[in-house]
Amino acid sequence: MMKMIGKAFAKKLFGARYERLPRTILLDVIVFWGLYIAGFQVQVAASVRILMLSAFTAGVMWQALTSKDNAVELRHMLMLPHHPQEFIFSYVSVLGGYTILTKTGLLLAVLLAVSAWKPIEMIGMVISMLHAVLVAAAAYSLRKYWYVGVLWAVAILSAILFLGSGLLLDLLLLANSLVAILILLKADGYAFYQGEGEKSHAIKQRKRGSLWRYFFRYLSCHKNYLVNTAVMWCVAIVIPYFLREMAGMFVVPVGFAILSLNTPICILLSCDCDLEQAVRFLPKQKRRFCIPYCLFIFSCNMAADVIFLLSWQIQNGGVTVPMIAGAVFFALQSAVLSVLLEWFYPIRGWKIESDLWHHPRKYVVPVVMLLLAGGVSAWPVLLYVLLILLTLETIVLLGICWG
């Protein structure tokens, strides 16, 4: 029974013939070898590697567990006769394998290629990834008691920061993994099931209300999207601290470009098939959807940019009118490009929402913004030229959408 359940979920995540797995491993090998032969080296402490792998694995595992796309499969599986422990460990094992092999594997390849490490340290890195999978699953099963998960995460973070790396930390992570396994043994399969009522409710709101109401209702029904936005706001507060020595227009546009990396709000068509079908088939939906959607992304980007400028003024001072104009330019331009990507090149063939969050397309707009930021940093007068071009571009796009 356990093998059958695991096989059913694995085929959904890795493909009917597991064709996705060899492609992913090949990509990891190519990335590792390319960076390794390039000779690019960065000093990364062993504790930092463990912290990065643990945090990233736990975050992706949590995204996989909260994915609404697993609700149908879980509901059908739970309706069949099953042993709770076999079901839970099959489900967690498959999602953990998906997380480590398809997501964390790329981060591990980069870390191994650009930093110096000893073979014995691989044991600690493997333990940290498996530990993150188990702890994320155990915390998710106890999500009604959210404060337990928060305290648990703080305790693990403190242990990694204060103990660094070594045998003591490995033993602590193994002991903590055992605690997570005991929690999962007491859990029930329904602890991992989420009904589809929230999504349906959001769709109903979309049908009878405005698109702005739908946007905010969609965010309120996807708390992880709100968390990601809050994280970007925290990044906006912190960036000026790290860039204080390079004050002025040279570095501010780079901050705007970094803050455009807010994936969840830029994939509404890709992640909601019902919305995309309605937008593409109902009359005059191009104008009615694209313009509000562009303004919505612009508002989210602008909020992060305003926080960034306020933090810059408090920590470094010297916020100027060109900086404010740059914030408007980068926020609006990234919004326009994001909407165009969603309209003409929506992401297809994804398995769960985590695939959308980590799809390579998420880097297209930030990379373009970084290139523009580099140009503005080198030639500040370029900002005014870009603002004029942006005004003309916006008028043309609005005319196309209105028509």
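Preceding this section is the structure that the text describes.
Residues numbered from 1 in each chain as written. Predicted model: local features only at pLDDT ≥ 70, side-chain atom pairs only at ≥ 80, totals over all residues. Heavy atoms only, no water.

Participant: So what about the overall build of the protein? Which residues, and what values?
Facilitator: Looking only at helices and strands, the protein has 19 helices and 0 strands in total. Counting over 403 residues, the protein shows a buried share of 47%. Accessible surface computed for the protein: about 20400 Å², of which carbon and sulfur atoms make up 73%. (Helix = DSSP H or I, 4+ residues; strand = E, 2+ residues; numbered from the N terminus. Buried < 20%, exposed > 50% of the residue type's maximum accessible area, 1.4 Å probe, protein only. Areas by Shrake-Rupley, 256 points an atom, 1.4 Å probe, with all protein chains shown as cover.)

Participant: Would you mind going over the packing of aromatic side chains in detail, with residue names and values included?
Facilitator: Tallied over the entire structure, the rule returns 9 aromatic pairs. Where Trp62 meets Tyr140, the ring centres are 5.3 Å apart and the plane angle is 80 degrees; that geometry is what we call edge-to-face. Taken as a pair, Trp62 in helix α3 (residues 46-66) and Tyr140 in helix α6 (residues 121-141) lie far apart in primary sequence, 78 residues in all. Since its relative accessible area comes to 1%, Tyr140 is described here as buried. Taking the centre distance of 5.0 Å and the plane angle of 80 degrees together, the rings of Phe329 and Phe330 count as edge-to-face. On the accessibility criterion, Phe330 (2% relative accessible area) is buried. (Phe/Tyr/Trp six-rings, centres within 6.5 Å; stacked < 30°, edge-to-face > 60°.)

Participant: Go over the packing of helix α5 (residues 84-114) against helix α8 (residues 167-186), please, and point to the residues and values.
Facilitator: Put simply, α5 and α8 touch, their axes get as near as 8 Å, and they point 130 degrees apart. In terms of axis orientation, α5 runs oblique to α8. Residues Gln85, Ile88 and Phe89 of α5 touch α8, and the partners they reach there are Ile181, Leu184 and Leu185. Residues belonging to the contact of α5 with α8 are distributed by class as follows: 5 nonpolar, 1 polar and no charged. (Axes fitted to C-alpha atoms, helices over the stretch in contact; angles between N-to-C directions. Parallel < 35°, antiparallel > 145°, perpendicular 65-115°, else oblique. Contact = heavy atoms within 4.5 Å. Nonpolar A, V, L, I, M, F, W, Y, C, P; charged D, E, K, R; others polar.)

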